[in-house]
Amino acid sequence: MRIDIVGGGSLGLLFFSKLALSWHTDDMEHQGNDHQPDRLHLWTRTKAQAQHICQEGILFQTGQDQPVQKLLPTSISGCSVAGVEGSFKLEQAAPYEHTTPYEHATETITEKADLILLTVKQQHVNREFIQWLSERVHKHTIIVTMQNGLRTDRIWPDAWQVYVAVTTEGAKKLSPVWVVHSGHGATSIGDAAALYGTSAARDMAKSIQHYDEGTIAFLLKSLTKAGFNASLSKDIKLEVYRKLMINAVINPLTALWRIANGELLASKSRIMIMRQLFDEAAAVYGKNDIGWSESWWNDILQVCCATSANTSSMLADVLNGRPTEISWINGAIIGLARRANMKADAHEWMCRLIESLTTEEAD
Ligand SMILES: CC(C)(CO)C(=O)C(=O)O
């Protein structure tokens, strides 16, 4: 089985590091047997990051106060890294030498992936990216997207088997090569057809279901072995909308006020504004027949506590002068409101305010 992780952000590095470490342990255990190793490959968006990783390895901490583990290219059997520039043209594979006793370790980078875990930001998923990705996909490749927000454009080709992952794992990227597992969470995976699917996609998914099940089962097993709390979701749609609500409340406010997640709870007036965003989104969900629960408000407060010292991903984008995911978070709520002929003024304001922080927002 070949897994490609696409995206060298905090979550990409976290999932790569933990999987690589657990597969490495596996390899050590199986040395001398004719065990065939599974392959893991990390694609970073920029060539520069891939070069850093190839030269310095990945620094990984299982927690803030935990020792730094160094994953060196030569010590991770079957794992490799390459960079893809902003244009998403395939760059030459960065030299990531590994010592591995298995003969098929010499395979080239052009080998297609059986499973692709996508951890790139929404703004990087565009037509060029899909084109690049199509070179890595074979007939039965499963794509698992692990991203904030919701897409309303039909970006995924109908024939692809796309799954959605919702995770509450916390990860902090301290440098292009350094990631800290800053909070343990849970990861649910479900068929994207439930969210975006056409009937063609559903029929196709059914006809090759046994492949899906095998690959997804392998992923869940690998993630569990690597120490993640991962499961197959019974209702991924609900989980995506729940996470969307959490992000639509926490992300823009932390980015506007430039505060850590926990500081949202520091005053009544902040909590009132959060509640306004929550109520408005809940009304929009209601009109769209999207089940929501009052308990989600408590979930939001709990996320603020559990990740109190964290910089939200939107604040991190703003601080680094990068475009944000606002269009796929609060913008998605506005889209749902329009669909129901209603207004979502508070979310509109969030979009306008965040968009006006930079001059390079995605459309
Ligand atoms: C849940 C939250 C807000 C945690 O920081 C997040 O997902 C993000 O920052 O994007």
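Residues numbered from 1 in each chain as written. Predicted model: local features only at pLDDT ≥ 70, side-chain atom pairs only at ≥ 80, totals over all residues. Heavy atoms only, no water.

**Re the site of the ligand**
Heads up, the condition is: The near set for a molecule or strand comprises every residue that places at least one heavy atom within 4 Å of it. Any pair of N or O atoms that falls within 3.5 Å is considered a polar contact. Within protein, one atom must be able to donate a hydrogen and the other to accept it, and sequence-neighbouring residues count only if both atoms are side-chain atoms. Residue exposure ignores everything except the shown protein chains as possible cover, and the areas themselves are Shrake-Rupley values with a 1.4 Å probe. Numbered from the N terminus, helices here are DSSP runs of H or I no shorter than four residues, and strands are runs of E no shorter than two. For this classification, Asp, Glu, Lys and Arg are treated as charged, while Ala, Val, Leu, Ile, Met, Phe, Trp, Tyr, Cys and Pro are nonpolar and the rest, including Gly, are polar.
In the vicinity of the ligand, the contacting residues are Asn148, Lys243, Asn247, Ile250, Asn251, Asn261, Val303, Ser312 and Ser313. Within the side chain of Asn148, an N or O atom sits 2.8 Å from an oxygen atom of the ligand. At 3.3 Å from an oxygen atom of the ligand is found a side-chain nitrogen or oxygen belonging to Lys243. Alone, the ligand offers 280 Å² of accessible surface; in the complex the protein occludes 85% of this. Tallying contributions element by element places helix α7 (residues 236-257) first for the shell around the ligand, with four residues. A breakdown of the residues in the shell around the ligand according to their chemical character gives two nonpolar, six polar and one charged.

**Overview of the sheet that holds strand β4 (residues 69-71)**
Backbone hydrogen bonds are what pair the strands of a sheet, in a parallel or an antiparallel way. Stated formally: A pair of strands is considered paired only if DSSP assigns at least 2 bridges between the two. To define axes, lines are fitted to C-alpha atoms, for helices over the stretch in contact only, and angles between the resulting N-to-C directions are given on a 0 to 180 degree scale.
Overall, mixed pairing links the four strands, which are arranged β4-β3-β10-β9 in an open sheet. Each end of this open sheet is capped by a strand with a single partner; those strands are β4 and β9 (170-175). Strand-to-strand twist across the sheet, computed as the mean angle between neighbouring axes with direction ignored, equals 25°.

**Considering the side chain of Lys243**
Stated precisely, the cut-off is as follows: Note on definitions: a residue-residue contact is assigned when non-hydrogen atoms from the two residues lie within 4.5 Å.
Looking at the secondary structure, you find Lys243 in helix α7. Contact partners of Lys243, with chain neighbours within four places excluded, come to Asn148, Val166 and Thr167.

**Here's the deal with the packing of aromatic side chains**
How we decide: Two aromatic rings, drawn from Phe, Tyr or Trp (for Trp, its six-membered ring), form a pair once their centres lie within 6.5 Å of each other, and the interplanar angle then sorts them: stacked below 30 degrees, edge-to-face above 60, tilted otherwise. Think of it in three bands: residues with accessible area under 20% of the maximum for their type are buried, residues over 50% are exposed, and the middle band is partly exposed, with areas taken using a 1.4 Å probe on protein chains only.
Taken as a whole, this structure holds eight aromatic pairs when the rule is applied. With 5.1 Å between their ring centres and 80° between their planes, Trp43 and Trp132 make a pair best called edge-to-face. Here the residue Trp43 occupies a position in strand β2 (residues 39-44), and Trp132 occupies one in helix α3 (residues 127-134), the gap between them amounting to 89 residues. Given the relative accessible area of 0%, Trp43 is considered buried.

**Quick word on the UniProt feature "domain: Ketopantoate reductase C-terminal" (unreviewed entry) in the chain**
How we decide: UniProt positions are given in the numbering used here, feature names are shortened, and annotations may be inferred rather than shown by experiment.
UniProt's entry tags residues 235-355 with the feature "domain: Ketopantoate reductase C-terminal" (unreviewed entry), counted in the numbering of this structure. Helix makes up 68% of residues 235-355 and strand makes up 0%, while its end C-alpha atoms are separated by 32 Å.

**Regarding the domain arrangement of the chain**
In plain terms, the rule: Each domain's extent is set by a domain assignment, obtained either automatically or from a database. Two parts placed together each lose some accessible area under a 1.4 Å probe, and adding up what both lose gives the buried area. By definition here, a salt bridge exists when the distance from a side-chain nitrogen of Lys or Arg to a carboxyl oxygen of Asp or Glu is within 4 Å.
Domains assigned within the chain are domain 1 (2-234) and domain 2 (237-358). Contacts between the two partners involve 16 residues from domain 1 and, on the opposite side, 19 residues from domain 2. Interface of domain 1 and domain 2: buried area, both sides summed, is about 1,700 Å²; carbon and sulfur atoms make up 55% of it. If you sort the residues of domain 1 by the area they bury against domain 2, Gln123, Asn148 and Leu150 come out on top, with a joint share of 34%. Our enumeration of links across domain 1 and domain 2 arrives at one salt bridge. A salt bridge links Asp317 to Lys121, with the shortest nitrogen-to-oxygen separation between them at 2.7 Å.

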